[in-house]
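Observations on the three-dimensional arrangement
Below, each chain spelled out in residue letters.
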Amino acid sequence: MDILNMSALELSKNIQSGAISVKEAVDAYISVIEEKDKDINTFINIDKEALYKRVDEVQAGIDSGKYAGKLVGVPIAIKDNICTKGIRTTCGSKMLENFVPTYNAFVVEKLEEAGLVIIGKTNMDEFAFGCTTEHSAFGATKNPVNTECVPGGSSGGSAAAVAAGMVPLALGSDTGGSVRQPASHCGVVGFKPSYGSVSRYGLVAFASSMDQIGPIGRNVEDVTALFDIIQGYDCKDSTCVKLEHRKKINVVGNEKCCDENILDELKEDISVDLCGNSKEDIDIDVDNTTNASEKIFTDKKSIEAARVNLNGKKIGIPEEYFKDGIDEEVKNKVLAVADELKKAGAEVEYFSLKLWEYVVPTYYIIACGEASSNLERFDGVKYGIRSENYSNLDEMYKLSRTKGFGEEVKRRIMLGTFVLSEGYYDDYYLKALKVRNLIKKEFDAAFEKYDMIISPVAPTTAPKLRSLEEDLSEEIKQPGFDTLKMYMSDVYTVASNLCGYPAISVPCGSECNMAKVSKEMNMPVGVQFIGKAFDDYKIINMAAAYEILRGEGE
Amino acid sequence: MFDGNVNEKVIKTDIETESVDSCLDTYETVIGLEVHIELATKTKIFCSCDTSFGGAVNSHTCPVCTGMPGALPVLNKKVVEYAIALGCATNCEINKHCRFDRKNYFYPDNPQNYQISQLYAPICVNGNLVIETEDGEKTIGIHEMHMEEDAGKLIHDEQENMSYVDYNRSGVPLIEVVSEPDMRNAKEVIAYLEKLKMICQYLEISDCKLQEGSMRVDVNLSVRKCGSKRYGTRTEMKNLNSFRAITNAIENEAKRQIRLLENGEEVILETRRWDDIKMESYSMRSKEEAKDYRYFPEPDLVELALEDSLIDNIKEAQPEFADEKRERYIKDFELPEYDAKLLTESKIIAEYFEEVAALCGNPKKASNWFIGEVFRLLKDEQMEPEDIKFTPKYLADIINVVSEGKINLGNAKAVFEEVFRSNVEPLEYMKKHGLMMVSDTGAIEAAVNEVLAECANVVEDYYGGKDRAFGYLVGQVMKKMRGKGDPGKVNEILREKLER
């Protein structure tokens, strides 16, 4: 049987029926990894001894009927910022090159309970700071579609592993697009759940108010099955929302914020709120919040079911997203998706997001502020590397952190420290929190009209690896230019993190099919579907419907 | 410790001291306090680790309180309830939408290198405490109270030149109570602290022991010319481990500041450390080199939305506090104010007293026993009220048999000592050791006969009209009976025999 070309769901069915053993499945994937990973550099760590012990354990569990579920026995790769008990967890940083957690992340526990087999830990931009997976202490990961290109990031290792056929499924983390953007660049599906859907316990924090673990897979159905397993309430994460509360939508912010001239209010003093979950819940009738995905998947993936799902749905397209700075090819492919949905009966229209230009600066101020504090614990005292040759405590801190952190991490710590400093806090951090509220207000208003928003994932397809860029212009050579360009490329993804919305990236251009890959082919393009908070299954459904229509179109 | 202590010489010449002393009266001291109270919860503020003191190093720890990557805090509800209880007891407004903030600073005892505390929206604000002063009652304002986590402890090994960290205390819940600058001298400060301590003990939220660090006091002090309305530059004094140290430090610091001003120098805004052995303070750091804590809202915790019902329930469950008890003792039990005050200083004592008083039906007698015997024994044995283990009924029984004349007071006190120490059943004990009064006529007659025979000359004195002779004979009989003779019967039988 062709293990490598099965979907994760098919593979699990075959494993559970006894047609394929867990070991056969893992062996098949390990052989792909051994063949390809020296070129792509996807995995930071594969502990084979622990892996095959786990294989036996899962096989025994299957044989004794211990497991029930859709992904029993399926191998999975995990981003290396998710803690795995007894297995090195580096966050792509020299700082943690020898760090072995004493506990499992909530999602790891869930995977183990569900009988999945963790193959290894994937490469990433250091502490998830970056969108190319070039900022790793363990070398850059390459895009399996074209190894001269980056896979995107920061979950580039996880997306590349799925795209290269090294695993059927992977977990990444998404703070500003880190699951969706590499999925888009590698031609696979990546989902960032609503903030509060998946427990962050055991995910090494980048920006606590935006981090969310998300599944990556070859198709929407596999991704949904994985999401079903990892989502749920966890009492160890205070920002994780109880299931019964997810049907209600949290209104973040103050009514005062929502006036006609929203831009003028940027200057006003508006009460601040985090994108938390403790605000008074306002009961809004939301359908499709629970496992409604079942329906479309069991309807034999018919075009008919897809059309029924999309018929009459209201879809908004932010007009500002297609004005400047977007690659023509990406633009055309994303707008083609809108046409496709329209043909299926959806109502599609443009709308204006006035605060669009504030999204990236707001995101970077808040993300860096939180990151600078979250990374303070890496000080060489308790774990991680400690520099030698220090003569006092301050020197120990300075030398250890200088040695342990890479350039981009240092840059963000400096930025974050600055925006939180006395005298600057009000002008930067506090203001950013206020703008965040306004941005959410604007999006929430759009969601009163639309079932979902459709947008690009990134302005371009996967760029070439920096080390391969030959035609660096004088402008680009200037310090900081690249960084700013990199930050700006997050423009389509960060709003979902600022507002806590679910968002999914689905291939809409060259679908990744390794059999078809050739040097001449175009790089993959993804389309993003964004829903309002806790409409996770609603946008998954629409993504699944689109995937079916796209398949038929080919 | 790593702040680079500057050993500042305190100027101490006789002449200057004299001149300062002469103008002390022209200055007013202004004091505000920051009091950290360690809460007696079973588990820590953000994880379920044990808070008990004295476990093996780093035995009460988990990924959360050791700052492991990926670990997240979850707020302990008890801490919020305790903070609300203290807020209600001190007339604070409860902030129903309070939240936590991060205070960032690097130090090894602080595993995350930030402390989760409250700055922008603390749980309690605008309260007050009424204290007794020489000039009557005085209201001390409470600016705010906030919840926060404690840090671990550093252990320095000088020989190895190494430092170790014990995170057992990391994450133990604290309430910081910040007063207004309303106190004017050490006596007011001590009265405020005693009151705060008593309230915490009545609420059973903390034992507030300065020596053990479950209550920590920082004194903010400035001086100004009497009549001035502007506050002077203040200093913050740390390392105050007893009421005595607080008193010493306040008096010393006020004089130091007055001396500076009188010499035309300036007081520097700084943190100082008190050395109670040398009776001096040292500069720890000036505010200019103070750290920027980069406070910002803690994103790992959500804003609290406290329900009215929670606050109402806590309010309703508040105990009768010392002041109310004292009033009731005076009114209902007709106790002198002195007794009422002493009995209510500790809730445990007050509750013991009330039980004994109810059982013996005589509050005044019960009060005498507490103030006389219980307090004396506590002092002798160096015990705290919570160490008391005797059954209240036993003391009530003793009080009753004394009232009934079945035992003399001296013996009764001796019996109570046994009850206090090992909680023996007193009536059994009295019988077993033959301490009850003897009212058996035969035994008394025998003793009287013996005494009359032995003291013929005193008997003659009696007949000769010497009144004191009778008393002497009674004493001799009692002596022979080892004090157990019923005094009334002894008198009666002796008189009868002599008159015969």
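Remember, predicted model here, so these are calculated numbers, not experimental data. (Residues numbered from 1 in each chain as written. Chains lettered and ligands numbered in written order. Predicted model: local features only at pLDDT ≥ 70, side-chain atom pairs only at ≥ 80, totals over all residues. Heavy atoms only, no water.)

Considering the overall build of chain A
Assigned secondary structure in chain A consists of 19 helices and 13 strands. Partitioning the intrachain contacts of chain A with sequence separation of at least 6 by distance along the chain shows that 78% fall at a separation of at least 24. Carbon and sulfur atoms provide 49% of the accessible area of chain A, an area that totals close to 20700 Å². (Helix = DSSP H or I, 4+ residues; strand = E, 2+ residues; numbered from the N terminus. Contact = heavy atoms within 4.5 Å. Areas by Shrake-Rupley, 256 points an atom, 1.4 Å probe, with all protein chains shown as cover.)

Observations regarding the interface of chain A and chain B
Where interface size is given, it is often the accessible area lost as the parts come together that is meant. Residue-level contacts link 44 residues of chain A with 37 residues of chain B. Roughly 3300 Å² of surface becomes buried between chain A and chain B when both sides are summed, with 58% attributable to carbon and sulfur atoms. Along the contact surface separating chain A from chain B lie two salt bridges. One salt bridge in this structure joins R294(B) and E376(A), with 3.1 Å as the shortest N-O distance. (Buried area = accessible area lost by both parts, 1.4 Å probe. Salt bridge = Lys/Arg side-chain N within 4 Å of Asp/Glu carboxyl O.)

Looking at the packing of helix α14 (residues 456–463) of chain B against helix α16 (residues 487–499) of chain B
All names here are of chain B. One can describe the packing of α14 onto α16 by two numbers: an axis separation of 11 Å at closest approach and a directional angle of 80°. The orientation of α14 with respect to α16, classified from their angle, is roughly perpendicular. Residue-level contacts link V459, Y462 and Y463 of α14 to R495, L498 and E499 of α16. When its residues are assigned to classes, the contact of α14 with α16 shows four nonpolar, no polar and two charged. (Axes fitted to C-alpha atoms, helices over the stretch in contact; angles between N-to-C directions. Parallel < 35°, antiparallel > 145°, perpendicular 65-115°, else oblique. Nonpolar A, V, L, I, M, F, W, Y, C, P; charged D, E, K, R; others polar.)

As for the packing of helix α12 (residues 356–374) of chain A against helix α15 (residues 426–449) of chain A
Residues and elements named next belong to chain A. Running from N to C, α12 and α15 point in directions that differ by 130°, and their axes come no closer than 9 Å. The orientation of α12 relative to α15 falls into the category oblique. Considering only the axes of α12 and α15, their crossing is left-handed. Side by side, α12 and α15 meet where Y358, V359, T362, I365, I366, G369 and E370 of the first sit next to Y428, Y429, A432, L433, V435, R436 and I439 of the second. Here the residues of the contact of α12 with α15 are counted per class, giving ten nonpolar, two polar and two charged. (Left-handed = near helix turned anticlockwise from the far one by under 90°.)

Describing the domain arrangement of chain B
The assigned domain composition of chain B is domain 1 (14–297), domain 2 (320–432) and domain 3 (441–499). A separation of 68 Å is found between the C-alpha centroids of domain 1 of chain B and domain 3 of chain B. (Domains from an automatic or database assignment.)

Some remarks on the side chain of S199(A)
All names here are of chain A. For S199, the position within the fold is in the loop between β5 (189–192) and β6 (212–217). Within the structure, S199 has its side chain in polar contact with the side chain of D234 (distance 2.5 Å). Discounting residues that sit within four places of it in the chain, S199 has contacts with F106, V107, I213, G232, D234, D237 and C240. (Polar contact = N/O pair within 3.5 Å; in protein donor to acceptor, adjacent residues only side chain to side chain.)

Structural notes on the sheet that holds strand β2 (residues 75–79) of chain A
Residues and elements named next belong to chain A. The sheet built from eleven strands is open, its strands ordered β1-β3-β2-β4-β6-β5-β12-β13-β11-β9-β10 with mixed pairing. Every other strand in the sheet has two partners, leaving β1 (43–45) and β10 (347–351) as the edge strands with one partner each. For this sheet, the mean inter-axis angle between neighbouring strands, taken without regard to orientation, is 30°. Both strand β11 (residues 452–456) and strand β13 (residues 526–530) contribute to a ladder of four bridges, which runs antiparallel. Residue pairing for β13: S455 is matched across the bridge by Q528. Where helix α11 (residues 328–343) meets the sheet, it contacts β9 (314–318), β10, β11 and β13, and its direction lies at approximately 150° from that of β11. (Pairing = 2+ DSSP bridges.)

Some words on the side chain of E320(A)
All names here are of chain A. With respect to the helices and strands, the residue E320 is situated in the loop between β9 and α11. Among buried Asp, Glu, Lys and Arg side chains, E320 stands out as unpaired, with K323 the closest opposite charge at 4.8 Å. In this structure the side chain of E320 is engaged in a polar contact, spanning 2.9 Å, whose partner is the backbone nitrogen of L353. Once you skip the residues sitting within four places of it in the chain, E320 turns out to touch F351, S352, L353, K354 and W356. (Buried < 20%, exposed > 50% of the residue type's maximum accessible area, 1.4 Å probe, protein only. Lys, Arg positive; Asp, Glu negative; His and termini not counted.)

Description of unusual backbone geometry
Residue G153(A) is joined to S154(A) through a cis peptide bond whose omega torsion reads 10°. Mapped onto the fold, S154(A) is located in the loop between β3 (117–122) and α5 (156–163). Non-glycine residue F534(A) carries a positive phi angle of around 65°. Considering the arrangement of structural elements, one finds F534(A) in the loop between β13 and α19 (536–553). Positive phi, close to 55°, is recorded for E204(B), a residue that is not glycine. As for its position among the elements, E204(B) is in the loop between α3 (186–203) and β10 (215–225).

As for the sheet that holds strand β4 (residues 114–117) of chain B
Read across the sheet, three strands follow the order β4-β3-β14 (chain B) without closing on themselves; strand pairing throughout is antiparallel. Each end of this open sheet is capped by a strand with a single partner; those strands are β4 and β14 (296–297) of chain B. Where strand β3 (residues 101–104) of chain B lies against β4(B), four bridges are found, and the strand directions are antiparallel. Bridge pairing in β4(B) places N104(B) opposite Y114(B). Along the sheet, α12(A) makes contact with β3, β4 and β14 of chain B, crossing β3(B) at roughly 60°.

A look at a negative patch on the surface
Residue and element names in this part refer to chain B. There is a patch of like negative charges on the surface, built from D207, E212, E384 and D387. Checked against the element boundaries, D207 lands in the loop between α3 and β10. D207 sits in the partly exposed class, given a relative accessible area of 31%. (Patch = residues over 30% accessible without salt bridge, like charges linked within 9 Å, V, L, I, M, F, W, Y side chains within 5 Å. Charge placed at Lys NZ, Arg CZ, Asp CG, Glu CD.)

Quick look at the nonpolar core
Grouped together as the largest cluster of nonpolar side chains are 243 residues, with contacts concentrated most on F529(A), L86(B), Y192(B) and I246(B). Per-element accounting of this core gives the leading share, twelve residues, to α3(B). A domain-level breakdown of this core finds at least three residues from each of domain 1 (14–297) and domain 2 (320–432) of chain B. Once you skip the residues sitting within four places of it in the chain, Y192(B) turns out to touch L33(B), V35(B), L129(B), I131(B), I140(B), I142(B), V177(B), S179(B) and M183(B). (Core = buried A, V, L, I, M, F, W, Y, C linked by side-chain atoms within 4.5 Å.)

Here's the deal with α14(B)
Residue and element names in this part refer to chain B. Every buried residue belonging to α14 is among V458, V459 and Y462, and all of these are buried. Buried residues along α14 cover an arc of 105° about the axis, so they all sit on one side. Facing away from the buried side of α14, by more than 90 degrees, are the exposed residues N457, E460 and Y463. Just past α14, the residue G465 takes up positive phi, approximately 100°. (Arc of directions from axis to C-beta.)

A word on the layout of surface pockets
Residues and elements named next belong to chain B. Size it by volume and the second largest pocket reaches roughly 1400 Å³. As for the second largest pocket, its lining consists of 41 residues, of which E194, K197, Q201, E345 and S346 are closest to the centre. Where the lining of the second largest pocket is concerned, the elements lending two or more residues are β5 (124–133), α3, α6 (322–332), α7 (337–344), α8 (347–360) and α9 (363–380). If you tally residues by element for the lining of the second largest pocket, the top one is α3, at seven residues. (1 Å grid on protein atoms, 1.4 Å probe; cavity = no way out; pocket = protein on both sides within 12 Å on 5 of 7 lines; lining within 4 Å. Points joined across faces, edges and corners; volume = space filled by probe spheres on them.)

Regarding a nonpolar patch on the surface
All names here are of chain B. Side chains of V57, I155, M162 and Y164 sit close together on the surface and give an oily, nonpolar patch of about 350 Å² of accessible area. As for its position among the elements, V57 is in the loop between β1 (27–38) and α2 (77–89). V57 gets classed as exposed once you look at its relative accessible area, which sits at 53%.

Describing the state of the cysteines
Applying the stated criterion across every chain yields a total of zero disulfides over all chains. The structure places no disulfide on C149(A), whose sulfur is separated from the nearest cysteine sulfur, that of C186(A), by 9.9 Å. When its relative accessible area of 5% is taken as the criterion, C149(A) is described as buried. C92(B) supplies the cysteine sulfur nearest to C124(B), a cysteine that is in no disulfide, at a spacing of 5.0 Å. (Disulfide = S-S within 2.5 Å.)

What to know about the packing of aromatic side chains
For the structure shown, the criterion picks out 38 aromatic pairs over all chains. Considering the side-chain rings of F227(A) and Y537(A), the 5.4 Å spacing of their centres and the 55° angle between planes classify their relative orientation as tilted. Remark: Y537(A) occurs in helix α19 and F227(A) occurs in helix α7 (residues 220–230); sequence separation between them is 310 residues. Overall, F227(A) belongs to the buried group, its relative accessible area being 1%. The exposure class of Y537(A) is buried, given its relative accessible area of 4%. Between Y329(B) and F333(B), the aromatic rings sit 5.3 Å apart at their centres with planes inclined by 25°, giving stacked as the arrangement. F333(B) gets classed as partly exposed once you look at its relative accessible area, which sits at 21%. Among the aromatic residues, ring-to-ring pairing joins F99(A), F127(A), F378(A), Y383(A) and F405(A) into one connected group. For K382(A), the ring lying beneath its charged end belongs to Y383(A), and the centroid distance is 5.6 Å. (Phe/Tyr/Trp six-rings, centres within 6.5 Å; stacked < 30°, edge-to-face > 60°. Lys NZ or Arg CZ within 6 Å of the ring centre and 35° of its normal.)

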